[in-house]
Amino acid sequence: MTQAMRLRPKLVLLSVGVTLLSLLALSGAVGLLLWRAEVAALTQAVSGQADALLDLAVRTPGPLPAGAEALLYREGAASSARAFEDGRPVWTGGTPDPALLALPPAPTAAVDRPLRHRDLIVAVRRSGRDAVQVGRSLTPIRRTLERYGLVALGAGAGLAALAGLVTAWVVGATLRPLERLAARVRRLGDPLPVPGVLARGEVGDLARALDLSLAELRDQREREALFLANASHELRTPVAALIADVQHARSRPRSPQELAAALARTERTALRLRELTGNLLSLTRARQAPSYTPTDLLALAGDVVDRLHPLAAERGLDLLLDGEPAQARVDPDLVTRALENLVGNALKFTPRGEVRVSVHALGAYAELRVEDSGPGMPEGVETLFEPFARGPARQAGPGLGLTVVREVAQAHGGRVRLERRSQGGTRARLVLPGEPPPSP
């Protein structure tokens, strides 16, 4: 609303200013054209009057007859004129004008084009002994144009004000749906639909995009709330178990065997907490600030296999590594965490046999593959990537491992897939963009 209130007066002032300046410029151009047209017409009239008076003066020696006055009138106004014979003024007619009388009395030569003298247009003609001067004042034309300018200024101001009112109304009507949209955005939790979704034009497009964005945002907030609730539950459970084990061990004297069993349970609980908190940190980092570095995925996979080999031996499983060197620009810590989760899941849910980790270069991509000989993935594989989701055969664990794998893949522009192997077991494929070859 604040932004709309700032925009409305700006548009109104812009409309008023543009309208007023445009009208003033147009009025000025029209006034200039009228001035030139009137001066040209007056110049032509004065020239014709001078030619007629000179012809009459040549035919009539001495003062001009009374009919000469009639030659000086044009559109109800008379010019000023003087006639000379041998340089002596012999006749004065028309409207007396001091400016004309101030001119030199007997012109020595005729002038082809009228002259501007003060506020006069003067035509001078000479033939033998006779000469005439005819002048016409520009003051009436100037006063008429001044009145025209005042009228044009008033009309321009009125039209500009009208344009401002129309603009204010149009802008208000245009911004009203946007104001309603802004008010709706401030009520994010309101289940009511976004106004203007069925409207046409840009406002309708904006309303539909906003409605879709709000729906996605509400869904994201619901997922985050569910995630936080699940994370709190998953953290609370092992912490409560850890406290219970310690309190139970301290409640009375224990034999060495009982203390050893209590410490073993405490260790398992602490390991679960470490795994959960590590996955939570990796999930946050994958969504916010990965640090990409050229990495050899085969060497990275070898480190993971070496680190988890004791766990595989403890479970009586073979943990194998094969493949080929494959370069990729990745965040090594995040990819390590993702591969550890895939291998850890395979070791956890494979009762016997082997778990194989392999690395493959696939053109512009590189693939980390984890295959086990367990019972295979259950139905609804895609739901296992959701936070804290568990399949029917996978009831243990914090439920964040595959979520981290998916987020790491998406953070690198890659993908992850789980599929059943034809010979039994599960194959997990983590595909990442490879490192482009150096320029020659």
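Structural notes, computed from the coordinates. (Residues numbered from 1 in each chain as written. Predicted model: local features only at pLDDT ≥ 70, side-chain atom pairs only at ≥ 80, totals over all residues. Heavy atoms only, no water.)

## Regarding the overall build of the protein
Then comes step 1: Secondary structure summary: the protein contains 8 helices and 14 strands in total.
Then comes step 2: The 440 residues of the protein split such that 38% are buried.
Then comes step 3: Across the protein, the fraction of contacts at a sequence separation of at least 24, relative to all contacts at a separation of at least 6, is 63%.
Then comes step 4: Counting only carbon and sulfur atoms, one obtains 60% of the accessible surface of the protein, whose full area is about 24,900 Å². (Helix = DSSP H or I, 4+ residues; strand = E, 2+ residues; numbered from the N terminus. Buried < 20%, exposed > 50% of the residue type's maximum accessible area, 1.4 Å probe, protein only. Contact = heavy atoms within 4.5 Å. Areas by Shrake-Rupley, 256 points an atom, 1.4 Å probe, with all protein chains shown as cover.)

## Re the nonpolar core
Then comes step 1: Of all hydrophobic cores here, the largest spans 36 residues; its most connected members are Leu 297, Val 343, Val 370 and Leu 430.
Then comes step 2: Going through the elements one at a time, α6 (297–314), β10 (327–330), α7 (332–348), β11 (354–362), β12 (365–372), α8 (401–411), β13 (415–420) and β14 (426–433) are the ones with two or more residues in this core.
Then comes step 3: Take this core: its biggest share by element is 8 residues, from α7.
Then comes step 4: Beyond its immediate stretch of four places on either side in the chain, Val 370 contacts Leu 339, Leu 342, Val 343, Ala 346, Val 355, Arg 356, Val 357, Thr 426, Arg 427 and Ala 428. (Core = buried A, V, L, I, M, F, W, Y, C linked by side-chain atoms within 4.5 Å.)

## Digging into the sheet that holds β11
Then comes step 1: What the 5 strands build is an open sheet, ordered β9-β11-β12-β14-β13; its pairing is mixed. At either end of the open sheet lies a strand with only one pairing partner, and these are β9 (318–323) and β13. Each strand axis lies, on average, 15° off the axis of its neighbour in the sheet, ignoring direction.
Then comes step 2: Relative to β14, β12 runs antiparallel, the two being bridged by 7 bridges. What sits directly across from Leu 368, in β14, is Leu 430. (Pairing = 2+ DSSP bridges. Axes fitted to C-alpha atoms, helices over the stretch in contact; angles between N-to-C directions.)

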